[in-house]
Amino acid sequence: GTSAPVQDPEIAEKIANHPCYSAEAHQYYARMHVAVAPGCNIQCNFCNRKFDCANESRPGVTSTLLTPEDALAKVKLVASEIKQMSVLGIAGPGDPLANPKPTFRTMELVARDCPDIKLCLSTNGLRLPEFVDRIADLNVDHVTITINMIDPEVGERIYPWVAWRGKRYTGREASKILSEQQLAGLAALTERKILCKVNSVMIPGINDEHLVEVSRTVKGLGAFLHNVMPLVSAPEHGTVFGLTGQRGPTPQELKALQDRCEQDDGAEMNMMRHCRQCRADAVGLLGEDRGDEFLPETFQGRE
Ligand code: SF4
Ligand code: SF4
């Protein structure tokens, strides 16, 4: 997308060194994900729990779960071999904030031993408000929130349930809770100058028209970048709940929606056009995945 000039130097720096926020940076800076967060506290209709979180990752891949200690060993090994390594993201395989212990433990270990590596986190946002202070204290630079709707009527076709404070909610109530938490979390993060990207999965006939409004809303709350991703539906990925037979968008439909979001309102929203839907254990520059070079046996037990 075309990006408006950024005035705040603190923000400009955060953009420049993250390959997902800056189309330029993605040729020079590498990122890695570590898969330390297995569980999830919501159910998306398009998610099959055997695979990585479908809100952030390429559908149909399964990453090997690591302990925080093994994740640290892997980060050190990768940083020693890939000089451009600048960002560590925790993006799954479930929802990082549904697994706060391993997620924050991993971040603490990496902050202690690799202070130059920037921290990045992806979440469905349900528990975000609760953890905003912790995220800010850990100097997390970038947070991605997946927001597929802001209207519970749309949401009830995407989310069959959410588990919230010890209770399971269904129907519109579930999506209302999720949406309120997501938007409150986004506002609280941008207030603290943490750079926020919003991911939305485009589901034709369900939220495609609605995503323009989502884009406008998150822009209003200070999101820096909107990443509309296509639903990838392939029979072999399985569909757990209501989306059997649901198709994904064509590349033309995706681009038309991205253009509409960008132009909406006269005010420009930065749209991400170079997302690769990386795995929860991706390693390297955005166009490449060197994850297979760093399998558990290469780093486990190393200090
Ligand atoms: Fe699956 Fe991610 Fe949705 Fe959780 S948030 S149900 S892991 S797609
Ligand atoms: Fe960046 Fe997209 Fe990969 Fe996330 S999935 S690391 S946003 S390119």
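One can find the structure itself at the top, above this paragraph.
Report on the accompanying structure. Computed from a predicted structure; not experimentally measured.

Side note on the nonpolar core
Judged by nonpolar contacts, the single largest core of 56 residues is most densely connected at Val-34, Ile-135 and Leu-189. Per-element tally for this core: the top contributor is helix H2 (residues 68-81), with six residues. Setting aside chain neighbours within four positions, we find Leu-189 in contact with Leu-128, Val-132, Ile-135, Val-143, Ile-145, Ile-194 and Cys-196. Ranked by size, the runner-up nonpolar core spans 19 residues in total, among them Val-162, Ile-177, Leu-178 and Val-201.

Describing the pairing of strand S8 (residues 195-202)
When you tally the buried positions in S8, you get eight out of eight residues, the bulk of the element. Here S8 shows a buried face lined by Leu-195, Lys-197, Asn-199 and Val-201 and a second buried face lined by Cys-196, Val-198, Ser-200 and Met-202. Pairing analysis gives five bridges linking strand S5 (residues 142-146) to S8, with the strands arranged parallel. From the neighbouring strand, Ile-145 faces S8, where its bridge partner is Val-198. Pairing between S8 and strand S9 (residues 225-230): six bridges, direction parallel. Following the sheet pairing, Val-198 is matched in S9 by His-226. Handedness of the crossover is the feature at issue here: the chain leaves S8, passes through helix H7 (residues 211-220), returns alongside S9, and the resulting connection is right-handed.

Brief notes about the side chain of His-210
With respect to the helices, strands and loops of the structure, His-210 is situated in the loop between S8 and H7. His-210 gets classed as buried once you look at its relative accessible area, which sits at 9%. With near-sequence residues (within four places) excluded, His-210 lies in contact with Asn-148, Met-149, Ile-150, Asp-151 and Val-154.

Rules used throughout
- Residues numbered from 1 in each chain as written.
- Chains lettered and ligands numbered in written order.
- Predicted model: local features only at pLDDT ≥ 70, side-chain atom pairs only at ≥ 80, totals over all residues.
- Heavy atoms only, no water.
- Core = buried A, V, L, I, M, F, W, Y, C linked by side-chain atoms within 4.5 Å.
- Buried < 20%, exposed > 50% of the residue type's maximum accessible area, 1.4 Å probe, protein only.
- Helix = DSSP H or I, 4+ residues; strand = E, 2+ residues; numbered from the N terminus.
- Contact = heavy atoms within 4.5 Å.
- Pairing = 2+ DSSP bridges.
- Right-handed = clockwise from strand over helix to strand, strands pointing away.

Spatial relationships are all this shows, so hold off on functional conclusions.
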